[in-house]
Amino acid sequence: MKNVCWALIGLAGLAFIVGACLAFMNTQYLLAPVGYWRGAVGFLMFAIAIRAMDLKA
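Quick caveat, the model's predicted, so the values are computed rather than measured. (Residues numbered from 1 in each chain as written. Predicted model: local features only at pLDDT ≥ 70, side-chain atom pairs only at ≥ 80, totals over all residues. Heavy atoms only, no water.)

1. A word on the packing of helix α1 (residues 2-25) against helix α2 (residues 33-54)
With their axes 8 Å apart at the nearest point, α1 and α2 run at an angle of 165° to one another. Relative to α2, α1 is oriented roughly antiparallel. You can see that α1 and α2 cross each other, and the crossing is left-handed. (Axes fitted to C-alpha atoms, helices over the stretch in contact; angles between N-to-C directions. Helix = DSSP H or I, 4+ residues; strand = E, 2+ residues; numbered from the N terminus. Parallel < 35°, antiparallel > 145°, perpendicular 65-115°, else oblique. Left-handed = near helix turned anticlockwise from the far one by under 90°.)

Here is the structure:
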């Protein structure tokens, strides 16, 4: 599960970078830059949820 979390965190970073680049270039590729930032937050929330469910009590 840790590998899945790291993959989601990596995808979130990539989505944030792509959104930031598109915002600074004032262009759009498949989604508006806000869509990439929302996706980044979604990936991070999934990673947090997976880690929270994986905790050994």
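Still to come is the rest of the account.
2. Some remarks on the packing of aromatic side chains
Under the criterion given, the structure shown has 1 aromatic pair. Here the aromatic rings of Phe 16 and Trp 37 are separated by 6.4 Å at their centres, their planes lie at 40°, and the arrangement is tilted. Remark: Trp 37 occurs in helix α2 and Phe 16 occurs in helix α1; sequence separation between them is 21 residues. Phe 16 sits in the partly exposed class, given a relative accessible area of 48%. (Phe/Tyr/Trp six-rings, centres within 6.5 Å; stacked < 30°, edge-to-face > 60°. Buried < 20%, exposed > 50% of the residue type's maximum accessible area, 1.4 Å probe, protein only.)

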